[in-house]
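Observations on chain architecture
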Amino acid sequence: MKNTAASGFVATLVKAPRAAMLKHPLVILLSIIVGIVLGILAKDVAKMLAPVGNLYLFFIQMSVYPILVSAIVSGLARLIKARSAGGNLLRMMIVFITCMLIASVFGLLSGLVGEPGHGLDEQAKQVLGQLINQNDRNVLELSLSDPAGDPVVHQVDFWNFLRMLVPPNIFQALDQGLALQIVFFSIIFGIALGSIRSEASDLLINIMLSVLETFQRLVAWSLYGLPFALVCLIATQVAGVGV
């Protein structure tokens, strides 16, 4: 039985082109297994591979915002230029509002059922509250390593939300990775670009499409290195956990 399974695995890989084999699900699964074994048996080697895995993650992160901006701008601009833009925008708004309502209901129910933070003692709740109140950045990360300091209360109202939504400097927003501001800029830029009835706007739309396809190609190329990156990342994590 083992020989049959192994032969089937080899036969499946042989049928695929040499480059495509690196993206095969069985190769990905094998990379995960190798990473776990390496992290358990050779922890020193696994920790030495950490920079390789981090470089792969940085390469993927490098493509995120160019893809996000170019996809939103080119997609909205072409949609506005289309004759059926009105009907398409209406359907998009209905889908968007529906998804927002579903997400809100799901989040509310998850909070009511799961009761996050219910098991924390009073001191832990106070420290966590101080950390949240001190955080004045529009990011998705919050450091828990330095809870010291007096709590600073930031009142969040509609105008403060708009202030966080509109980027005073789009290049600064890109540098700091402020996703909400980047998305807002991309939306209004795409709508404005689509409303321009000239060949110049068509040229810029084509440029944005070229940027989108270029970074999509880079991501596709990076998938060939995914098995090696998985080995490095998983081995580093397993070695750090100390399994």
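What counts, and where the lines are drawn
- Residues numbered from 1 in each chain as written.
- Predicted model: local features only at pLDDT ≥ 70, side-chain atom pairs only at ≥ 80, totals over all residues.
- Heavy atoms only, no water.
- Helix = DSSP H or I, 4+ residues; strand = E, 2+ residues; numbered from the N terminus.
- Buried < 20%, exposed > 50% of the residue type's maximum accessible area, 1.4 Å probe, protein only.
- Contact = heavy atoms within 4.5 Å.
- Areas by Shrake-Rupley, 256 points an atom, 1.4 Å probe, with all protein chains shown as cover.
- Salt bridge = Lys/Arg side-chain N within 4 Å of Asp/Glu carboxyl O.
- Patch = residues over 30% accessible without salt bridge, like charges linked within 9 Å, V, L, I, M, F, W, Y side chains within 5 Å.
- Axes fitted to C-alpha atoms, helices over the stretch in contact; angles between N-to-C directions.
- Parallel < 35°, antiparallel > 145°, perpendicular 65-115°, else oblique.
- Left-handed = near helix turned anticlockwise from the far one by under 90°.
- Core = buried A, V, L, I, M, F, W, Y, C linked by side-chain atoms within 4.5 Å.
- Expected span 1.5 Å × (residues − 1).

In terms of regular secondary structure, the chain is built from 11 helices and zero strands. For the chain, the N- to C-terminal ordering of α and β elements is α-α-α-α-α-α-α-α-α-α-α. Split into buried and exposed, the 243 residues of the chain put 22% on the buried side. Of all intrachain contacts in the chain linking residues separated by at least 6 positions in sequence, the fraction that spans at least 24 positions is 63%. Here the chain has roughly 17,000 Å² of accessible surface; of this, 70% comes from carbon and sulfur atoms.

Time to look at the pattern of salt bridges. Tallying each qualifying case throughout the model produces one salt bridge. Linking Asp 202 and Lys 81 is a salt bridge whose minimum nitrogen-to-oxygen distance equals 3.5 Å. Of this pair, Asp 202 sits in helix α10 (residues 199-222) while Lys 81 sits in helix α4 (residues 50-81), and the two are 121 residues apart along the sequence. Overall, the relative accessible area of 34% leaves Asp 202 in the partly exposed class.

Turning our eyes to something else, we now look at the side chain of Ser 222. Considering the arrangement of structural elements, one finds Ser 222 in helix α10. For Ser 222, a relative accessible area of 6% corresponds to the buried category. Ignoring any residue separated from it by four or fewer positions in sequence, one finds Ser 222 in contact with Tyr 56, Phe 59 and Ile 60.

What follows concerns a nonpolar patch on the surface. A surface patch of nonpolar side chains, amounting to about 590 Å² of accessible area, comprises Leu 29, Ile 32, Ile 33, Ile 36, Val 37, Ile 40 and Leu 41. Mapped onto the fold, Leu 41 is located in helix α2 (residues 25-41). Looking at Leu 41, the relative accessible area reads 69%, which means it is exposed.

Let's shift gears to the packing of α2 against helix α11 (residues 226-241). Put simply, α2 and α11 touch, their axes get as near as 7 Å, and they point 30° apart. Accordingly, the angle class assigned to the pair α2 and α11 is roughly parallel. As α2 packs across α11, the resulting crossing turns out to be right-handed. The residues of α11 that touch α2, namely those facing Val 27, Ile 28, Ser 31, Ile 32, Val 34, Gly 35, Ile 36, Leu 38, Gly 39 and Ile 40, are Leu 226, Pro 227, Leu 230, Val 231, Ile 234, Ala 235, Val 238 and Ala 239.

Here we come to the packing of α4 against α11. Across the interface, α4 lies against α11 with an axial gap of 8 Å and an inter-helix angle of 125°. Relative to α11, the element α4 is oriented oblique. When the axes of α4 and α11 are compared, the crossing they make is left-handed. Contact residues: α4 offers Ala 50, Val 52, Gly 53, Asn 54, Tyr 56 and Leu 57, while α11 offers Leu 226, Ala 229, Cys 232, Leu 233 and Thr 236.

As a further point, take the nonpolar core. Grouped together as the largest cluster of nonpolar side chains are 11 residues: Val 69, Val 73, Ala 77, Ile 170, Ala 173, Leu 178, Ile 182, Leu 193, Ile 205, Met 208 and Leu 209. Sorting the residues of this core by element identifies α4, α8 (170-176), α9 (179-195) and α10 as the ones contributing at least two each. In contact with Ile 205, other than residues within four places in its own chain, are Ser 74, Ala 77, Arg 78, Lys 81 and Leu 193.

For the rest of this paragraph, the subject is α9. Here α9 is 17 residues long and its end C-alpha atoms lie 24 Å apart, about the 24 Å a rise of 1.5 Å per residue gives. Three or more residues of α9 are buried, namely Gln 181, Ile 182, Ser 186, Gly 190, Leu 193 and Gly 194.

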